[in-house]
Amino acid sequence: MDGHAILARLRERCGERILATHDYRGDHTAVLSREGIVPALAFCRDDAALAFDMLVDLTAVDYSRFPGREDGPRFEVVYHLYSVAHNHRVRLKVPVEQDDAVVPTASGLWPIANWQEREVWDMFGIRFDGHPDLRRLLLYEEFEGHPLRKDYPINRRQPLIGPKV
Amino acid sequence: MAEKRTRELFLGEGSSPDGTQHLYVNFGPAHPAMHGIIRIFAELDGETVVKTDVEIGYLHRAFEKDCEAGPYNNAIPYTDRLNYVSPLINNFAYSSAIEKLLGIEITDRCKYIRVIMSEISRICDHLTCVGAGSMELGAFTVFLYMIKAREFLWELVEDVTGARLTISYGRVGGVKADLPAGFDLKVKKAFAETRQVLEEVHTLVTGNRIFMDRMVGVGALSREETIAWGITGPLLRAVGVPFDLRKTQPYWAYDRIPFDIALGKNGDNFDRYLVRMAEMEQSMRIAEQALDGLPGGAIQVDWEGKAIDPAAYVDLGKQGKTEGLLLVPIRLSPNLQGQDPGAHARVNAQDKRVTLPTKAEAYGSIEGLMNHFMLVMEGYGIRPPPGEAYFAAEGANGELGFYVVSDGTDRPYRVRCRPPCMNPVAAIPRMIEGEMVADIIPTFGSVNMIGGELDR
């Protein structure tokens with residue numbers, strides 16, 4: 001299935017939950033509302049014509065310093081899906097507000113989402129509702145802040161941790 | 001307070017009536033069998049693994065944050081350190097992601113060079129993985145043989161890039177330099193050595209009783225589970241799924257080079273070993289064919305006649321004596337072969353927005369000088385239009401993806417690296433729970449965890 005057909009099929013199914021679709025440099029993307037993301041992911045996985053059985057990547061972007069998007073939703077959680085059976089790809093995105101940075105978890109659909117969501121929580125401070133074990137993945141529990149947020153200064157030092165002497 | 005039984009006093013709280021209790025053991029972060037810094041916290045019942053928790057992040061060094069801090073080409077040295085056993089693939093995959101974002105096409109010769117160097121790196125990676133994995137099972141000879149073969153290949157890498165590990169050879173829009181003269185002969189020689197080593201290793205361990213007992217049926221995942229965990233590369237091919245980005249979504253010149261996908265069946269450690277062994281042979285096949293079909297003619301450059309010293313060239317340029325300077329070839333050191341105008345044009349995209357002009361042009365003409373400054377000045381440089389792109393290459397461990405967002409400035413707004421070895425590492429508990437402690441070692445070896453790309 002080519003990208004346009006994938007997006008058409010998603011539009012047909014998810015209707016008004018799709019906020020926008022675009023195609024840039026051959027990557028087809030659908031932007032979904034927060035309520036629509038998990039049903040859309042489940043549909044992508046289970047529909048025979050789409051059969052996106054692999055969650056390739058799950059990450060996020062902080063748009064708070066992006067020219068023209070400073071006032072919009074601050075984050076976007078990005079899902080890259082791939083279908084082994086049909087050899088096609090699609091990208092789904094969910095805008096997330098700063099004050100309410102919560103997205104429903106996809107770890108019930110793909111086990112790997114567990115770690116990927118932990119990494120997004122670690123780096124961006126976006127919570128995943130229903131996640132079984134939302135700990136930091138790469139950093140340590142005592143770390144303050146979420147370093148991939150644009151307002152986290154690159155040269156900020158963290159207190160040293162270790163066993164108390 | 002109930003009086004404690006002697007057994008409990010001796011064995012601690014929670015011992016079961018038959019006097020046993022689960023034991024908690026740390027593997028790592030600094031364990032001889034952990035080839036990177038990673039901690040596997042295991043709950044053991046006797047020798048059986050009941051539950052494990054994998055803790056990563058000990059090598060986290062803010063790769064993605066650092067990429068945002070500098071211009072596009074500045075991230076290339078950081079990508080060297082992702083998968084440090086096959087850094088060339090990282091370089092090229094990152095460059096290709098930016099090229100996709102820019103919408104530019106690289107030259108044919110550059111595509112072939114990327115293919116050749118990627119395949120050499122892939123062999124290095126598999127050699128290291130199989131060698132280290134076998135060593136942990138007691139086959140130290142295999143390790144020494146394979147490291148010997150890797151040494152021959154790293155000499156090739158050194159010949160081309162000038163470095164062994166932190167090579168920084170890729171560039172957005174091309175590669176740093178052309179291949180050195182006589183490279184194909186050197187490759188032939190190194191591959192002959194590697195083939196001999198592979199042959200010896202096959203004789204030593206494939207079918208060896210101890211090796212088979214530790215590998216066959218151990219650490220297996222089913223086809224469905226492997227896909228659900230997002231595992232790609234040799235581990236996915238070991239369950240019989242013919243997913244290889246070089247075939248399924250060909251990039252660079254892979255669609256022009258015939259090769260086979262090595263497939264396993266059972267998805268256990270032994271099949272993963274076989275897939276890696278077969279892939280090395282296929283990689284050599286690809287590299288040889290690519291060298292044969294290398295477009296762009298001879299890589300030998302004409303040094304004869306009036307070649308001058310680079311310093312003298314720069315001096316003339318500084319004095320403004322640029323008349324006719326562009327016609328004078330520079331005598332370059334062997335490490336910089338390919339920086340002369342002819343070779344430069346063959347390996348770099350003809351796009352002034354991304355490719356630095358040759359030094360001869362930068363010092364010899366005002367246009368070249370302006371072009372150079374436009375690319376290195378802060379706020380200028382490579383500026384892709386606002387947008388996003390995801391590019392995936394077949395790394396040695398699987399799909400190595402770069403998701404890049406541009407805001408139109410000279411710095412990437414966001415670079416996300418999809419590390420291929422994170423998925424199998426996340427699935428390690430699934431692979432080893434219910435198996436024996438000793439099975440952790442070959443399973444961990446077959447996952448080929450690379451700290452640099454796992455923790456970024």
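Above this text sits the structure in question.
As a starting point, this report considers the structure included with it. As the structure is a prediction and not an experimental result, all values here were calculated from the model.

## Some words on the nonpolar core
So, step 1. Leu55(A), Leu81(A) and Val425(B) are the most contacted members of the largest nonpolar core, which totals 170 residues.
So, step 2. Of all the elements, helix 5 (residues 108-136) of chain B adds the most residues to this core, at 12 residues.
So, step 3. Sequence-distant contacts of Leu55(A), that is, excluding residues within four places in its chain, are made with Tyr79(A), Leu81(A), Ala106(A), Trp110(A), Ile112(A), Ala113(A) and Gly230(B).

## Concerning the sheet that holds strand 3 (residues 48-55) of chain B
Each strand in a sheet pairs with another by means of backbone hydrogen bonds, the pair being arranged parallel or else antiparallel.
Residue and element names in this part refer to chain B.
So, step 1. Pairing is antiparallel in the open sheet, where 3 strands are placed in the order 1-2-3. Here the strands that pair on one side only, and so sit at the sheet edges, are strand 1 (23-27) and strand 3. Taken over all neighbouring pairs, the strand axes of this sheet differ in orientation by 20° on average, direction set aside.
So, step 2. Pairing geometry for strand 1 and strand 2 (residues 39-45), over 5 bridges, is antiparallel.

## Digging into helix 5 of chain B
All names here are of chain B.
So, step 1. The end-to-end C-alpha separation of helix 5 is 42 Å, in line with the 42 Å expected for 29 residues at 1.5 Å each.
So, step 2. Counting buried residues in helix 5 gives 25 out of 29 residues, a clear majority hidden from the surface.
So, step 3. Positioned one or two residues after helix 5, Gly138 has a phi angle of 100°, which is positive.

## Topic: the interface of chain B and chain A
So, step 1. The partner chain A presents 27 residues to the 35 residues of chain B that form the contact.
So, step 2. When residues of the side of chain B that touches chain A are traced back to their parent elements, those giving at least two are helix 2 (63-69), helix 4 (87-102), helix 9 (223-228), strand 6 (387-394), strand 7 (399-406), strand 8 (412-418) and helix 17 (422-426) of chain B.
So, step 3. The class makeup of the residues in the side of chain B that touches chain A is 16 nonpolar, 9 polar and 10 charged.

## Here's the deal with the sheet that holds strand 2 (residues 27-32) of chain A
All names here are of chain A.
So, step 1. With mixed pairing, the 5 strands of this open sheet are ordered in space as 1-2-5-4-3. In this open sheet, the two edge strands, each paired with only one partner strand, are strand 1 (18-24) and strand 3 (54-62). The mean angle between the axes of side-by-side strands here comes to 20°, regardless of whether they run parallel or antiparallel.
So, step 2. Pairing of strand 4 (residues 75-83) with strand 5 (residues 88-96), which is carried by 9 bridges, proceeds in the antiparallel orientation. What sits directly across from Ser83, in strand 5, is His88.
So, step 3. Relative to strand 3, helix 3 (residues 113-124) is tilted by about 10°, and along the sheet it contacts strand 3 and strand 4.

Thresholds applied
- Residues numbered from 1 in each chain as written.
- Chains lettered and ligands numbered in written order.
- Predicted model: local features only at pLDDT ≥ 70, side-chain atom pairs only at ≥ 80, totals over all residues.
- Core = buried A, V, L, I, M, F, W, Y, C linked by C-beta atoms within 7 Å.
- Buried ≥ 20, exposed ≤ 12 C-beta atoms within 10 Å, placed from the backbone.
- Helix = DSSP H or I, 4+ residues; strand = E, 2+ residues; numbered from the N terminus.
- Contact = placed C-beta atoms within 7 Å.
- Pairing = 2+ DSSP bridges.
- Axes fitted to C-alpha atoms, helices over the stretch in contact; angles between N-to-C directions.
- Expected span 1.5 Å × (residues − 1).
- Nonpolar A, V, L, I, M, F, W, Y, C, P; charged D, E, K, R; others polar.

In short, the description is geometric, and any link to function would need to be established separately.
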